[in-house]
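Each chain, letter by letter, is given below.
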Amino acid sequence: MKKKRIKIFDTSLRDGEQIPGCKLKTKEKIKIAKKLEELGVDVIEAGFPISSPGDYNSVQEISKNISNSVVCALSRALEKDINIAWNAIKFAKKPRIHTGIGTSNYHIRYKFNSNKEKIIEIAEKAVKYAKKFTEDVEFYAEDAGRTENIFLAIVCEKVIKSGATVINIPDTTGYCLPKEYGEKINFLKENVKGIHKVILSTHCHNDLGLATANSLYGVINGAEQVECTINGIGERAGNTSLEEIVMIMKQNPSLNFYTSIKTRQLTDVSSLVSKYTGIKIQANKAIVGMNAFSHSSGIHQDGVIKNKVTYESINPRDVGVDRSSIVLTARSGRAALSYRYKKLGIILNKSSLDLVYSIFLEYADKNIEITDKELMIILEKAKLNKKNFLHSDIRINVI
Ligand code: KIV
Ligand code: ZN
C-alpha cells in the first residue's frame, strides 16, 4: 500500500509562544523559522499579527526570510484582522491566512453571545474576504473538540463553499479522547460535501496529556495535516509535540504515513527553541528529554550493554543523538560500572570490580549521579586498600 504523506504545520511561533513567560525577539523568531524550514516543516505559523506591533513585525520578517515552507498568519474572523494578517505575510513566497471562529455552544453563547446562524455567516464572510488576498486560506473551528459533529459538518461545508483550502479541527481545551477525536474526523470525512477538496488538519491541546494520541487518531481517520509545536510548548499544558507525532509515524511503518521532517535535526531544533524561549525541557520528555536515551538502573544497563535492542526501541541517531548513555546512580550495577571504566581505558578484574563497586555505592547513595572525575577518585580510594586491591588487578589501556 502506498504511504500517505502527512503535512507538518508548526505553530511554535504562534500557539507555542502563547506560553506564559515566553517572549521571543524578532531575530530569535527568524532563526527558529529558518531552522524549522531546514527541518522540513510544511507550514510555519509565524504569529498573530494583530496581537501586537512586535508580532506583526516578526511575521513580516519571517515572510521575507522563508522560501520553501508556507508562512501562515492567524486572524480572527474579522476584516481588520485579516487585513493586518495579509500585510504581514504578503512578502512570503507561499502565504496562508488562518482565520476562524469558535463553534462550540460555550463559545457561541458565552464568548460571542450569538447563535449558530450568525456564526456560520461570520465564518463564510471571513473566508471569502481572506480569499481576496490569497488562494491558500485555512479555516479553524475553535473548540471543535466540544462542538456537536452535525453542526461542525455544516460549518465545514459552508467554509469549503466559500473557498477554504484547509480546515482545522482544534481540540482547543484538550477535552477529547483519542477514539472520540478520531470519530469526529471520520464523521467529517464521510458527511461533508466537498471535503475531498480540502486538507483536514488536527490541532490538539494537551490538557489531559492526550494531544499526541488525539492527533494520531486524527490522521488514522483521514486528517492530512498535524498542527504541533517543538517540545510541545503552548497554551496551558501545551500542544501536540512535533517530535513525538513525527517519530510515532516513522517508528511505525504499518501506519503507512510519512512526513518531510529530517528527524536527525530534531534534537538541535528542540535545544534552540528551549534556549530562546527560556522554557526548559522536562528530563523525561519523549524524544528530546535529557533522559530519553539514558539508562540508569542495573537491570536495564546490563541488557543495553549486551545489546541495545533490549531496552531501546528508537535509534538515538535517528533524532540526532550520537548514542544512548549509561548513567551511574545508586541503582546501577557492576556491568555498568565496569563498562564506564572501560570507556576511560581502565579494565578491572572481578575482585577489584567488587571492591570498587562497594566504594562506588557509598558515593552513589550520597550523589545523584557519579561522574568520570568521581570514578577516578573511587579508583584511587580502592588502590589505597592494599590488602584487597593489587595493581595487577587493573589494566590501563591507552585511549
Ligand atoms: O487551540 C485553538 O483552537 C487555536 C486556534 C486559534 C487555531 O489555537
Ligand atoms: Zn491552539
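What you see is a predicted model; the values in this text were computed from it and never measured. Just so you know, the residues in each chain are numbered from 1, in the order the chain's sequence is written. Lettering of chains starts at A and numbering of ligands starts at 1, both following the order in which they are written. Reporting of local features is limited, given that this is a predicted model, to residues whose pLDDT is at least 70; pairs of side-chain atoms are given and counted only at 80 or more, and all residues count toward the totals for whole chains, interfaces and linings. Hydrogens and water molecules were not included; the side-chain quantities draw on all heavy atoms of the structure.

A.B. asks: Got a minute to help me understand the coordination of the zinc ion (ligand 2) in this structure?
C.D. replies: Around a metal, the idealised angle for a tetrahedral arrangement of four donor atoms is 109.5 degrees; for an octahedral arrangement of six donor atoms it is 90 or 180 degrees. Within the protein, Asp15 (OD), His203 (NE2) and His205 (NE2) serve as the donor atoms for the zinc ion (ligand 2), at 2.0 to 2.1 Å. Metal donors were taken as nitrogen, oxygen and sulfur atoms no farther than 2.8 Å from the ion, or 3.2 Å where the ion is Na, K or Ca. Water is excluded, so coordination may look unfinished. Coordination of the zinc ion (ligand 2) draws on donor residues from a single chain, spaced D-x187-H-x1-H in sequence. You can see Asp15 sitting in the loop between β2 (7-10) and α1 (26-39) and its partner His203 sitting in strand β8 (residues 199-204), a full 188 residues away along the chain. Secondary structure elements follow DSSP: runs of H or I no shorter than four residues count as helices, runs of E no shorter than two count as strands, and numbering proceeds from the N terminus.

A.B. asks: How should I be thinking about the site of ligand 1 in this particular structure?
C.D. replies: What surrounds ligand 1 is the set Arg14, Asp15, His98, Tyr140, Glu142, Asn168, Pro170, Thr172, His203 and His205. Counting of polar contacts relies on pairs of N or O atoms within 3.5 Å, with two restrictions inside protein: one atom must be capable of donating a hydrogen and the other of accepting it, and residues adjacent in sequence are counted only when both atoms are side-chain atoms. For ligand 1, an oxygen atom lies 2.9 Å from a polar atom in the side chain of Arg14. Within the contact set of ligand 1, an oxygen atom lies 3.1 Å away from a side-chain nitrogen or oxygen of His203. Computed with the Shrake-Rupley method and a 1.4 Å probe, the accessible areas treat only the protein chains shown as cover for residues. When ligand 1 sits alone it has 260 Å² of accessible area, and the protein chains cover 92% of it. When we say a residue is near a molecule or strand, we mean one of its heavy atoms is within 4 Å of it.

A.B. asks: Help me understand the nonpolar core in this model?
C.D. replies: Among soluble globular proteins, nonpolar side chains are generally buried collectively. Ile8, Leu39, Phe139, Ile169 and Leu242 are the most contacted members of the largest nonpolar core, which has 83 residues in total. Residue contacts are defined here by distance: any two heavy atoms, one from each residue, within 4.5 Å place the two residues in contact. Ignoring sequence-local partners within four residues, the contact set of Leu39 consists of Ile230, Leu242, Ser260, Ile261, Lys262, Gln265, Leu266 and Val269. Think of a nonpolar core as a cluster: buried Ala, Val, Leu, Ile, Met, Phe, Trp, Tyr and Cys residues, connected wherever their side-chain atoms sit within 4.5 Å. The cut-offs for exposure are 20% and 50% of the maximum accessible area for each residue type, with area from a 1.4 Å probe on protein chains only; residues under the lower value are buried, those over the upper are exposed, and the others partly exposed. Ala330, Ala336, Val356 and Tyr357 belong to the second-largest nonpolar core, a separate cluster that totals 22 residues.

A.B. asks: Sorry if this is basic, but what is going on with a positive patch on the surface here?
C.D. replies: Patch building starts from residues that exceed 30% relative accessible area and form no salt bridge, then joins like charges within 9 Å and nonpolar side chains (Val, Leu, Ile, Met, Phe, Trp, Tyr) within 5 Å. Put simply, a salt bridge is a Lys or Arg side-chain nitrogen that is within 4 Å of an Asp or Glu carboxyl oxygen. Positive charges are assigned to Lys and Arg, negative charges to Asp and Glu, while His and the chain termini are left out of the count. Taken as the charge centre is NZ of Lys, CZ of Arg, CG of Asp or CD of Glu, depending on the residue. Together, Lys250, Arg264, Lys308, Arg317, Arg323 and Lys343 make up a positively charged patch on the protein surface. By secondary structure assignment, the location of Lys308 is in the loop between α11 (298-306) and β12 (325-326). Lys308 sits in the partly exposed class, given a relative accessible area of 42%.

A.B. asks: Quick question: what am I supposed to make of the packing of aromatic side chains here?
C.D. replies: We describe a pair of aromatic rings using the distance from one ring centre to the other and the angle between the two ring planes. Working definition: rings of Phe, Tyr and Trp (its six-membered ring) pair if their centres are within 6.5 Å, and the pair is stacked with planes under 30 degrees apart, edge-to-face with planes over 60 apart, and tilted otherwise. Considering all chains together, one arrives at three aromatic pairs under this definition. Judged by centre distance (5.8 Å) and plane angle (25°), the ring pair of Trp86 and Phe133 falls under stacked. With a gap of 47 residues between them, Trp86 in helix α3 (residues 79-89) and Phe133 in the loop between α5 (116-131) and β6 (137-142) connect regions that are remote in the sequence. Measuring from ring centre to ring centre gives 5.9 Å for Tyr357 and Phe360, while their planes differ by 25°; the resulting arrangement is stacked. In this pair, Tyr357 and Phe360 both sit in helix α13 (residues 350-366), three residues apart, roughly one turn of the helix. In this structure Tyr357 comes out as buried when scored by relative accessible area, which is 12%. Every member of this aromatic cluster is reached through a ring pair, and the members are Trp86, Tyr129 and Phe133. By the criterion adopted, a ring carries a charge over it if an Arg CZ or a Lys NZ lies within 6 Å of its centre and within 35 degrees of its normal. Above the face of the Phe91 ring, Lys64 is positioned so that its terminal group lies 5.0 Å from the ring centre. Across from the ring centre of Phe151, 5.1 Å away, lies the NZ or CZ of Lys116, which sits over that ring.

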